[in-house]
Amino acid sequence: MPGGPVATSSGLGADAPKSKWAGIFMTAFAAFGGILFGYDTGTIGGIIAMNDWLCTFGQGTTPNCTITTSQKSLVVSILSVGTVFGALAAAPIADWTGRRMGIIISCLVFSIGIAFQTASTAMPLFVVGRVAAGLGVGLVSCLIPMYQSECSPKWIRGAVVSCYQWAITIGLLLASIVNNATQARADHSSYRIPIAIQFIWAVILSGGMFFLPESPRYLVKRGRADAAAAALSRLLGVPPSDRLVVTELGEIQENLRLEEEMGQSSYLDCFRDGGNRIRLRTITGIALQGWQQLTGINFIFYYGTSFFKNSHVGNPFLQSVATNVVNVGMTVPGIWLVDRAGRRNLLLIGALGMLICEYIVAITGVTISVENIVGQKVLIAFVCIYIAFFAATWGPIAWVVTGEIFPLNVRAKAMSLSTASNWIWNWGIGFATPYLVDPGPGNADLGAKVFFIWGTTCVGCLIFTYFCIPETKGLALEQIDILYQNTTPRNSIKYRNQLMAREEGRTVDTEDVEVHSSDEKA
């Protein structure tokens with residue numbers, strides 16, 4: 001049967017020689033913002049285990065200082081309260097100031113929060129600093145994938161956006177290394193040095209963004225065609241008058257014209273359905289980011305040092321370094337595979353691998369004692385394998401998918417909702433975990449048994465991916481619109497192959513392409 005309309009957009013620089021690396025380097029640099037996200041996540045997990053910090057902000061005397069479960073929950077999770085509001089504010093900021101300037105503003109907000117945390121010696125100011133830093137991280141976590149998706153050549157867009165997740169893992173690793181280097185200091189520098197280093201990341205990112213071009217899609221939306229052509233020229237590595245620039249600019253303008261015929265968008269428009277299936281796409285993005293958090297990965301990066309301390313196997317700070325090395329190393333295969341194996345396949349494989357590992361960790365934790373060193377080493381080994389599956393699949397690909405599945409007229413708002421979902425679940429897990437894991441009155445004292453929960457949520461990840469995530473590998477953003485209009489996620493691989501074949505001038509057996517019927521659309 002017919003496969004529906006054929007996309008005419010080739011994507012940003014799709015016809016350009018694949019040796020045009022200038023635009024790739026420029027958009028990949030923006031991924032440096034992931035270090036802000038990752039470093040802060042990794043730093044707090046080590047800081048709350050440092051003796052000087054515990055004595056400064058908690059109760060007791062050296063070396064037996066502690067904080068309560070509620071204080072631990074507050075300090076770790078409060079960052080995510082700021083990130084939720086930052087993610088929601090990203091849409092109006094992105095549409096008002098632009099993607100590039102929005103990232104620069106985010107760095108300023110983030111730096112204010114870091115200043116508060118560095119100067120604090122009491123819990124109230126430290127918490128306020130965590131909230132302010134969260135605002136900046138929330139803005140960055142939405143604006144950078146948006147900027148990269150709109151500026152990257154489609155043939156390598158998935159890998160470029162995946163670099164954001166890789167930067168997050170590098171930030172986590174750097175944090176664990178710095179924590180290990182300063183944790184034995186007997187004064188406030190033990191926690192102030194890891195916190196203050198974050199000023200460096202903010203300066204590098206904001207300084208670099210001053211020299212990068214604005215998103216051409218944003219400039220077209222603002223009616224600045226000449227500026228959009230100049231930005232495309234830099235990203236494609238060709239003169240503004242080149243055919244590639246003229247063609248790409250025309251396609252962006254045409255796509256925007258068609259979308260503007262539907263009127264100005266609001267957050268409510270993200271949930272209105274129609275031929276473009278915007279409601280399905282918005283719910284998919286929101287749910288995907290939620291499921292990414294429900295894999296349980298941030299349990300390791302927020303509370304891993306405390307968890308490893310209870311295993312009584314070696315230095316828990318060094319074990320956190322080891323898990324972060326795995327996280328960084330295994331993100332690289334994910335970057336390589338995302339534009340080869342595809343988004344959908346990798347998400348399915350990752351969910352399956354994680355749920356197996358997490359059930360093994362949980363079963364090991366309930367069947368052996370903490371004195372069984374060999375058993376504890378097996379537990380830690382499967383934690384590392386679980387992290388490897390996450391790093392190569394759900395870590396980067398969740399950001400790739402949410403960066404490319406939304407149409408231009410609601411992209412900023414839909415992405416902000418998706419990112420806010422990530423941070424809401426991040427907050428919920430960060431807040432609840434101490435009560436689930438820690439011993440003591442009013443706590444569940446699950447310990448390693450908490451991995452039964454994470455394994456079960458990964459079953460949900462597997463089912464969600466099968467029914468809701470389409471294959472978008474190699475498609476231009478405008479082609480993804482057409483895919484959603486004419487097929488379902490389960491049948492998207494065949495339809496995607498048809499789109500690619502028609503673009504390349506080949507013919508395929510369209511009878512093999514299953515398109516959803518009108519009653520499915522309803």
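As a reminder, the structure under discussion sits directly above these lines.
A. Structural detail: the overall build of the protein. A count of helices and strands for the protein gives 23 helices and zero strands. A compact globule built from 522 residues should have a C-alpha radius of gyration of about 24 Å, and the protein, at 23 Å, falls within 12% of that. Sorting the 522 residues of the protein into buried and exposed places 60% on the buried side. Restricting to contacts in the protein with at least 6 residues of sequence separation, those with at least 24 account for 79%. Accessible surface for the protein amounts to roughly 18800 Å². Of this, 67% is attributable to carbon and sulfur atoms. Considering the protein, the positive charge centre built from 36 side chains and the negative charge centre built from 34 side chains are found 4 Å apart.

B. Molecular detail of the state of the cysteines. Within the structure shown, the criterion is met by one disulfide. The disulfide bridge from Cys55 ends at Cys65, spanning 1.8 Å between sulfur atoms. Linking Cys55 and Cys65, the disulfide has an S-S dihedral of approximately 85 degrees and is accordingly described as right-handed. Remark: Cys65 occurs in the loop between helix H3 (51–57) and helix H4 (69–97) and Cys55 occurs in helix H3; sequence separation between them is ten residues. Exposure remark for Cys55: the relative accessible area of 26% places this residue in the partly exposed category. Take Cys65: its relative accessible area is 5%, and that puts it in the buried class. As a non-bridged cysteine, Cys142 has Cys270 as the owner of its nearest cysteine sulfur, 11 Å distant. You can see Cys461 has no disulfide; the closest cysteine sulfur is in Cys458, sitting 4.8 Å from it. You can call Cys461 buried: its relative accessible area is 0%.

C. Layout of helix H17 (residues 373–392). Taking 1.5 Å per residue as the helical rise, H17 with its 20 residues ought to reach 28 Å, and the 29 Å between its terminal C-alpha atoms agrees with that figure. For H17, every residue scored as buried is listed here: Gly375, Gln376, Leu379, Ile380, Val383, Cys384, Tyr386, Ile387, Ala388, Phe390, Ala391 and Ala392.

D. Broad picture of the layout of surface pockets. Approximately 720 Å³ is the volume found for the largest pocket. Residue lining of the largest pocket: 33 residues in total, with Ser306, Phe307, Asn310, Val437 and Asp438 positioned closest to the centre. Elements with a minimum of two residues in the lining of the largest pocket: H4, helix H14 (297–311), helix H16 (343–367), H17 and helix H19 (411–437). Element by element, the count of residues in the lining of the largest pocket is highest for H14, at seven residues. For the lining of the largest pocket, the per-class residue count stands at 17 nonpolar, eleven polar and five charged.

E. Inspection of the nonpolar core at higher detail. In terms of nonpolar packing, the biggest core is built from 121 residues, with Trp53, Phe299 and Phe451 touching the most fellow members. By residue number, the principal contributor to this core is helix H6 (residues 123–151), which donates 13 residues. For Phe299, the contacting residues outside a window of four places in its chain are Gly304, Phe307, Thr433, Val437, Val450, Phe451 and Trp454. Membership of the second largest hydrophobic core comes to 15 residues, among which are Leu219, Val245, Leu256 and Leu408.

F. The arrangement of the environment of Trp427 in detail. Tracing the backbone shows Trp427 in helix H19. As a C-alpha pair, Trp427 and Ser77 span 350 residues in sequence and 4.9 Å in three-dimensional space.

G. Representation of the pattern of salt bridges. Within this structure, the stated rule accounts for 14 salt bridges. The salt bridge involving Asp95 is made with Arg99; its shortest N-O contact spans 3.1 Å. Judged on exposure class, the residue Asp95 and its partner Arg99 are both buried. Arg279 is the partner of Asp273 in a salt bridge, and the nearest nitrogen-oxygen pair spans 3.3 Å. The class for Asp273 is partly exposed, based on a relative accessible area of 38%. Classification of Arg279 as partly exposed rests on a relative accessible area of 38%.

H. Examining the packing of aromatic side chains more closely. Per the counting criterion, the structure on display carries 16 aromatic pairs. Taking the centre distance of 5.7 Å and the plane angle of 45 degrees together, the rings of Phe431 and Tyr435 count as tilted. Here Phe431 pairs with Tyr435, and both are found in helix H19, just four residues apart, close to one helical turn. An aromatic cluster of at least three residues, connected via ring pairs, comprises Phe29, Phe32, Tyr39 and Trp201.

I. A nonpolar patch on the surface, seen in detail. Together, Leu108, Ile112, Phe116, Leu125 and Val128 line one region of the surface with nonpolar side chains, adding up to about 420 Å² of accessible area. Contributing elements (two or more residues each) for the nonpolar patch: helix H5 (99–119) and H6. No other element matches the three residues that H5 contributes to the nonpolar patch. Relative to the helices and strands, Val128 is located in helix H6. You can call Val128 partly exposed: its relative accessible area is 43%.

J. Summary view of the packing of H6 against helix H7 (residues 157–182). The interhelical angle for the contact between H6 and H7, taken along N-to-C directions, is 160 degrees, at an axis separation of 9 Å. By the angle class used here, H6 and H7 are roughly antiparallel. Judged by the twist between their axes, the crossing of H6 over H7 is right-handed. Contacts between H6 and H7 involve Val140, Ser141, Ile144, Pro145, Gln148 and Ser149 from the first element and Arg157, Val160, Val161 and Tyr164 from the second. Residues of the contact of H6 with H7, tallied by class, amount to six nonpolar, three polar and one charged.

K. Up close: unusual backbone geometry. One non-glycine residue with positive phi stands out, namely Arg277, at about 55 degrees. Position of Arg277 relative to the elements: it lies in the loop between helix H12 (243–260) and helix H13 (278–294). With phi around 55 degrees, Asp445 is a residue other than glycine that occupies positive phi space. For Asp445, the position within the fold is in the loop between H19 and helix H20 (450–468). On the accessibility criterion, Asp445 (42% relative accessible area) is partly exposed.

About the thresholds
- Residues numbered from 1 in each chain as written.
- Predicted model: local features only at pLDDT ≥ 70, side-chain atom pairs only at ≥ 80, totals over all residues.
- Heavy atoms only, no water.
- Helix = DSSP H or I, 4+ residues; strand = E, 2+ residues; numbered from the N terminus.
- Rg over C-alpha atoms; globule rule 2.2 N^0.38 Å.
- Buried < 20%, exposed > 50% of the residue type's maximum accessible area, 1.4 Å probe, protein only.
- Contact = heavy atoms within 4.5 Å.
- Areas by Shrake-Rupley, 256 points an atom, 1.4 Å probe, with all protein chains shown as cover.
- Lys, Arg positive; Asp, Glu negative; His and termini not counted.
- Charge placed at Lys NZ, Arg CZ, Asp CG, Glu CD.
- Disulfide = S-S within 2.5 Å.
- Expected span 1.5 Å × (residues − 1).
- 1 Å grid on protein atoms, 1.4 Å probe; cavity = no way out; pocket = protein on both sides within 12 Å on 5 of 7 lines; lining within 4 Å.
- Points joined across faces, edges and corners; volume = space filled by probe spheres on them.
- Nonpolar A, V, L, I, M, F, W, Y, C, P; charged D, E, K, R; others polar.
- Core = buried A, V, L, I, M, F, W, Y, C linked by side-chain atoms within 4.5 Å.
- Salt bridge = Lys/Arg side-chain N within 4 Å of Asp/Glu carboxyl O.
- Phe/Tyr/Trp six-rings, centres within 6.5 Å; stacked < 30°, edge-to-face > 60°.
- Patch = residues over 30% accessible without salt bridge, like charges linked within 9 Å, V, L, I, M, F, W, Y side chains within 5 Å.
- Axes fitted to C-alpha atoms, helices over the stretch in contact; angles between N-to-C directions.
- Parallel < 35°, antiparallel > 145°, perpendicular 65-115°, else oblique.
- Left-handed = near helix turned anticlockwise from the far one by under 90°.

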